[in-house]
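# Fold and geometry: a report
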Amino acid sequence: MQGKIIVYSDQTGIGKIITPEKKKYNFSVDEWNDYETTPAVGLIVSFVPEGINARDIRLEERPAAQEPEKETESAAAPEKEESRQAQERTEAAKAGEEEPAWLLEFDLDIDACIEMHFSDTRKRIAKSGGLLGENRRLDFMRMQRFLTTAYNNLIEIDHSFENYELAQIRQELLDAHDAYRTFKSRTDYVQNAYEQVFLNKQSRYKELRAKLELNKSQIAKLGESAANLEAEIKEKKQKLQDLPKQSEAYIYLFNEIKILKRSMVDSIHEIAKLTEENRLYIDLLDNFYKMHYDRFKKSFGEFVETYDALMRKIQDVLAYKFDSLMWKKANTSKPIQTFFAKAGIHDEFSAVTYMKYYLKTLDSSKLNQQNQELMELMQYLEAQTKKRLVCIDDDTEFLAMVKEILGEIDREIKVVLSTRPEAVLPDLKNLQPNILMLNPSMRGVESESVIGYARKIVPDIEIAFFAKRISRELLLYAKQCNVAAIIPKTAHKKELDEQFRQYLD
């Protein structure tokens, strides 16, 4: 196929060809296959069309009228080639292949850009592996205001309440929350992330965008210059009418007007050239943007979903640790004990106990929005504190003693006992237990599969083992399975009671 180069930039190596049928094709200097010449505006060329792009471009040296028969043949060949390639592209599209973004190749692929941009987040996750392995957690987004209020109130009651350990874990929690908020602000808007994470790391894309903006600036300056030249020419033409045509002043002014007109025409031509260049750049940038956006959105969405959950878990585990340590410290404080006794609070100090005390001081008929949220938070905390256990062992007498002991410890504890995992595991979704207690030595039971299934159904479930004998192999296996505790099986109820109280506290 033949055409004429109407736009070409030596700086970018990008141009555009127009055919006699007024079809326009983009091209790159990389597709120029004539070693004796370089591309230039006005040259007649032959090329192979491929979509909106021109490939295998060569200077057309022979005039079209000299060899009409050969020209007809040469014109027909590219048409056949175009038809063949169009068919290939159609077949590729049916096979699910994407046509590559023309000219603009990326420096870094999407996954590499995401990993590089969020390297700080990935490092933080890697450093927090210990926290991610724990199961006990509190929803910090719900608890944040209450934890802060309770902490400040306890300090007011006992000025020596805060110690180094408490202050340190509180700071870790605040740092984790700040990191999470920063992560959210960087990932809330996909379009912004696409620009920052992917496009800004593509040098060719940035180069063309900078060239586009430079051209816009030059067009504005040239337009202003052309307007000024037009006004000046008009003014000088007025003066020219008052001068004798044979005078030196007339001839001088006439020549000056010609020079000004030439400058104005040059400016107008340059504006047209830059405008055409910009149309090409806009097409290229737009094609590149659309070509990669959907794939970026998918990969970015998967990354955000994974790391959002991990970041949330880090702060939620730290919130649980901070809450536990805070009330453990409160239980040893004489001023706080005195204050709670005067307030009529005799239960063990905890978030639920303190929340109950606070809500008693409110008029339930006049609750504002904030206090209604506290009522909902109370329900959440009560649900968190209610223990739900599933205990699996092949010793029915031992299981009966376990149930009796747990009932004596706390009547609110819900216990499900079973001698066969397959009988209770299908109901885990409805039970939503906090803890799964399992004897890994049961015959015919693959404890690793049971644990894996339980964690799949209830991701935050805590695992504990029953064992007659605690061997080195069992300890290694428990560590591998991230087991929270091993309860020794004993015939003495008192010993077992102490083991359970120590574990559940």
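Look a little higher up for the structure.
Read on for a plain summary of the structure. (Residues numbered from 1 in each chain as written. Predicted model: local features only at pLDDT ≥ 70, side-chain atom pairs only at ≥ 80, totals over all residues. Heavy atoms only, no water.)

A few words now on the overall build of the protein. Of the regular secondary structure elements, the protein holds 18 helices and 10 strands. Across the 505 residues in the protein, those meeting the buried criterion constitute 39%. Carbon and sulfur atoms form 49% of the exposed surface of the protein, whose accessible area is close to 29,800 Å². (Helix = DSSP H or I, 4+ residues; strand = E, 2+ residues; numbered from the N terminus. Buried < 20%, exposed > 50% of the residue type's maximum accessible area, 1.4 Å probe, protein only. Areas by Shrake-Rupley, 256 points an atom, 1.4 Å probe, with all protein chains shown as cover.)

What follows covers the packing of helix α5 (residues 140–157) against helix α6 (residues 164–187). Between α5 and α6, the least distance of the axes is 13 Å, while the angle of their chain directions is 145°. When you trace α5 past α6, the crossing you get is left-handed. In this structure, α5 uses Phe 140, Met 141, Gln 144 and Tyr 151 to contact α6, whose residues at the interface are Leu 166, Ala 167, Arg 170, Leu 173, His 177 and Tyr 180. A breakdown of the residues in the contact of α5 with α6 according to their chemical character gives seven nonpolar, two polar and one charged. (Axes fitted to C-alpha atoms, helices over the stretch in contact; angles between N-to-C directions. Left-handed = near helix turned anticlockwise from the far one by under 90°. Contact = heavy atoms within 4.5 Å. Nonpolar A, V, L, I, M, F, W, Y, C, P; charged D, E, K, R; others polar.)

To continue, consider the pairing of strand β5 (residues 53–59). The side chains of a regular strand alternate between both faces of the sheet. Relative to β5, strand β4 (residues 44–50) runs antiparallel, the two sharing five bridges. For Val 45, the partnering residue across the bridge sits in β5 and is Leu 59. Two successive antiparallel strands, β4 and β5, enclose a turn made up of two residues, where Gly 51 displays a positive phi of approximately 65°. (Pairing = 2+ DSSP bridges.)

In this section: α5. In an α-helix there are 3.6 residues to a turn, and that puts residues three or four apart on one side. Between its terminal C-alpha atoms α5 stretches 24 Å, which fits the 26 Å expected from 18 residues at 1.5 Å a residue. Of all the bends in α5, the greatest, near 30°, is centred on Phe 146. Restricting attention to buried positions, one finds in α5 the residues Phe 140, Met 143, Phe 146, Leu 147, Ala 150, Tyr 151 and Leu 154. (Expected span 1.5 Å × (residues − 1). Bend = angle between axes of the 7 residues up to and from the residue.)

Before going further, it helps to examine the sheet that holds strand β10 (residues 485–488). Strand order in the open sheet formed by five strands is β7-β6-β8-β9-β10, and the pairing between neighbours is parallel. Sheet topology places β7 (414–418) and β10 at the edges, where each strand pairs with a single neighbour. Between one strand axis and the next, the sheet turns through 20° on average, direction left out of account. Pairing analysis gives five bridges linking strand β6 (residues 388–392) to β7, with the strands arranged parallel. Looking at the pairing, Arg 388 lines up with Lys 414 of β7.

Limitation: the analysis is restricted to geometry and does not speak to function.
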